[in-house]
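A closer look at the structure
Chain by chain, the residues:
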Amino acid sequence: MDDGALVLFSGGQDSATCLAWALDRHARVETVAFDYGQRHRIELACRDGFRAGLKTALPALAPRLGEDHALDLASLGALSDTALTRDAEIRMRDDGLPNTFVPGRNLIFFAFAAALAYRRGLRHIVAGMCETDYSGYPDCRDDTIKAMQVALNLGMERRFVLHTPLMWRDKAATWRLAETLGGSALVDLILEQTHSCYLGDRSRRHPWGYGCGTCPACELRRNGWESYAAGR
Ligand code: ZN
C-alpha cells in the first residue's frame, strides 16, 4: 500500500479545503462523492468545476489529483426521514439535534470510502468533519472518527489513517487554511465553485459565495467568512 489519499469531497467549502490540504501532503490523491438524494445535490455538480479550477489555483499540486469516484447511496436517503433528504422545514428536534441530522451518514460514508481505498491501494482517508462550530451531529465528533478508524482497521486488516484537518478549526480558520494552502486564488475558487446551502440555492451570490443566506449552513458560512474577512 502506498501513501496515497482518498478525500471525501462533497463539493462544499469544508471538503474542498480538505482536498487542497491532501494535495499539499500526498503525492497521489483521489476523490469520492456520495449521492444519497440530498436536497442540496447541487453541491455534487460543483465538484467538477472545483477540480478543474485547481489546475489554475494550485498549478504545482494539481498534477497529483487522480481519479474521481461517485457512489450511489440512494438507500440511505430512502430510509432517512430528515430535512436534508425530505422537503421539510429545518428545525431543532426535541433532543436538541437539528432535523438535518442523517443518522449513520458519516459512518456509512467512511465504510464505503474505506472499501474504495482498500481497492485503490490508498492508505489515507481525508474528510471535513468538524466539532468546533458544528450542528451537534454526533458522527462529526473526533471520538466517533477515531472509533471508526479502529473498527475499519480491525475489520479490513489494514492501517488506514483517518484525517480530519478541520476538526478543531472554526469556519474562519478554515478560510485561513485555504489561504495558507493556495493564497487568494484558492480562496476565490472555493467562494465560486463550492456549495454549502442546505436548500441548494445558487441563485444568489453573496460576498461569501452562493446560497439562500438564511439556512444554518449559509449562516455558518457567512459568519465564518465575515470573521475571516475582517482579519484579512
Ligand atoms: Zn442556505
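Throughout what follows, the structure given in this document is the object of discussion. Computed from a predicted structure; not experimentally measured. Every chain begins its residue count from 1, and numbering advances along the sequence as written. In keeping with the predicted nature of the model, local features appear solely for residues at pLDDT of at least 70, side-chain atom pairs appear and are counted solely at 80 or more, and the whole-chain, interface and lining totals rest on all residues. Excluding hydrogens and water, the side-chain figures rest on all heavy atoms present in the structure.

1. Concerning the coordination of the zinc ion
Listed as protein donors to the zinc ion are Cys197 (SG), Cys212 (SG), Cys215 (SG) and Cys218 (SG); their distances from the metal cover 2.3 to 2.4 Å. Note that the zinc ion binds 4 donor atoms; their angles at the metal cover 106 to 115°, and the shape is tetrahedral. Only protein chains enter the area calculation, which uses a 1.4 Å probe; residues under 20% of their type maximum are buried, those over 50% are exposed, and those in between are partly exposed. Cys197 gets classed as buried once you look at its relative accessible area, which sits at 0%. Coordinating N, O and S atoms are those within 2.8 Å of the metal (3.2 Å for Na, K and Ca), and as water is not part of the atoms, a site may appear to have fewer donors than expected. Irregular is the default label, applied whenever a site is not tetrahedral (four donors, all angles between 85 and 135 degrees) and neither square planar nor octahedral (four or six donors, opposite donors over 155 degrees apart, all other angles between 65 and 115).

2. Digging into the sheet that holds strand 2 (residues 29-35)
A sheet is described by the order of its strands in space; here 5 strands give the open sequence 3-2-1-4-5, paired in parallel fashion. Single-partner strands in this sheet number two, and they are strand 3 (65-72) and strand 5 (161-163). Within the sheet, the average angular offset between the axes of one strand and its neighbour, ignoring direction, is 20°. The strands touched by helix 2 (residues 42-57) within the sheet are strand 2 and strand 3, with strand 3 carrying the most contacts at an inclination of about 175°. Strand pairing requires that DSSP identify at least two bridges connecting the strands. Numbering of helices and strands runs from the N terminus, with a helix taken as a DSSP run of H or I at least four residues long and a strand as a DSSP run of E at least two residues long. Axis lines are fitted through C-alpha atoms, for helices just across the contact stretch, and the angle between N-to-C directions can take any value from 0 to 180 degrees. Working rule for contacts: check all heavy atoms of both residues, and any pair within 4.5 Å makes them a contact.

3. Points about the pattern of salt bridges
Salt bridge, as used here, is a side-chain nitrogen of Lys or Arg placed within 4 Å of a carboxyl oxygen of Asp or Glu. One pass over the full model with this rule turns up 9 salt bridges. For Arg120, the salt bridge is made with Glu30, and the minimal N-O distance between the two is 2.8 Å. Within this pair, whereas Arg120 is found in helix 4 (residues 105-120), its partner Glu30 is found in strand 2, the two being separated by 90 residues in sequence. By relative accessible area, Arg120 is classed as partly exposed at 24%.

4. As for helix 2
Residues lying three or four places apart along an α-helix face the same way, a consequence of the helix completing one turn every 3.6 residues. Spanning 16 residues, helix 2 covers 22 Å between terminal C-alpha atoms, matching the ideal 22 Å at 1.5 Å per step. Considered for burial, the residues of helix 2 that qualify are Glu43, Leu44, Cys46, Arg47, Phe50, Arg51, Gly53, Leu54 and Ala57. Of the surrounding elements, those touching the buried residues of helix 2 are helix 1 (13-25), strand 2, strand 3 and helix 6 (171-193). In this scheme, a helix's expected span is set at 1.5 Å multiplied by one less than its residue total.

5. Describing helix 7 (residues 216-230)
Taking 1.5 Å of rise per residue, the 15 residues of helix 7 would be expected to cover 21 Å, and the 21 Å separating its terminal C-alpha atoms lies within 8% of that figure. Here helix 7 has its buried residues at Ala217, Cys218, Arg221, Gly224, Trp225 and Tyr228. Considered in projection along helix 7, the buried side chains sweep an arc of 135° and stay on one side of the axis. By construction, the arc corresponds to the directions joining the helix axis to the C-beta atoms.

6. Some thoughts on the nonpolar core
In this text, buried Ala, Val, Leu, Ile, Met, Phe, Trp, Tyr and Cys residues form a nonpolar core when linked through side-chain atoms within 4.5 Å. Ranked by size, the top nonpolar core spans 67 residues in total, and within it Leu8, Leu19, Phe50, Leu54, Phe110, Ile125 and Leu186 carry the most contacts. It is helix 6 that provides the largest number of residues to this core, a total of 10 residues. Apart from the residues within four sequence positions on either side, Leu54 is in contact with Leu19, Leu23, Pro59, Ala62, Leu65, Leu186 and Leu189.

7. A word on the pairing of strand 2
Burial within strand 2 is extensive, with 6 of its 7 residues counted as buried. As defined by bridge partners, strand 1 (residues 5-8) adjoins strand 2 across 4 bridges and the pair is classed as parallel. Among the inter-strand pairings, Leu6 is bridged to a residue of strand 2, identified as Glu30. Seen with the strands pointing away from the viewer, any crossover whose path from the first strand over the helix to the second strand runs clockwise is right-handed. In the classification by handedness, the crossover that spans strand 1, the intervening helix 1 and the parallel strand 2 is right-handed. Sheet analysis places strand 2 next to strand 3, joined by 6 bridges and oriented parallel. Paired with Val32 across the strands is His69, a residue of strand 3.

8. A short note on the side chain of Thr174
For Thr174, the location among the structural elements is in helix 6. Residue class for Thr174 comes out buried when judged on its relative accessible area of 2%. Residues within four places of Thr174 in sequence aside, it is in contact with Gln13, Asp14, Thr17, Leu166 and Arg169.

9. Notes on the packing of aromatic side chains
Note on aromatic pairs: the rings of Phe, Tyr and Trp (six-membered ring only in Trp) are paired at centre separations within 6.5 Å, and the planes decide the class, stacked below 30 degrees, edge-to-face beyond 60, tilted for the rest. Inspection of every chain in the model, using the stated rule, returns 6 aromatic pairs. Summarising the aromatic geometry, the rings of Trp175 and Trp225 are spaced 4.9 Å apart at their centres and angled 80° between planes, so their arrangement reads as edge-to-face. In this pair, Trp175 sits in helix 6 while Trp225 sits in helix 7, placing the two residues 50 residues apart along the sequence. With respect to burial, Trp175 and Trp225 carry one shared label: buried.

10. A closer look at the layout of surface pockets
If you add up the space inside the largest pocket, you get close to 850 Å³. Here a cavity denotes grid points, spaced 1 Å and computed from the protein atoms alone, that fit a 1.4 Å probe unable to get out, and a pocket denotes an open set having protein on both sides within 12 Å along at least 5 of 7 lines; residues with an atom within 4 Å of a point are the lining. Lining the largest pocket are 37 residues; nearest its centre among them are Ser10, Asp14, Arg105, Gly128 and Tyr198. Elements with a minimum of two residues in the lining of the largest pocket: helix 1, strand 2, helix 2, helix 4 and helix 7. Here the lining of the largest pocket gets 6 residues from one element, more than from any other, and that element is helix 7. Only Asp, Glu, Lys and Arg are considered charged in this grouping, and only Ala, Val, Leu, Ile, Met, Phe, Trp, Tyr, Cys and Pro are considered nonpolar; every other residue, Gly among them, is considered polar. Each residue belonging to the lining of the largest pocket can be placed in one class, and the counts come to 18 nonpolar, 12 polar and 7 charged. Grid points are joined across faces, edges and corners, and a volume is the space filled by probe spheres set on the points.

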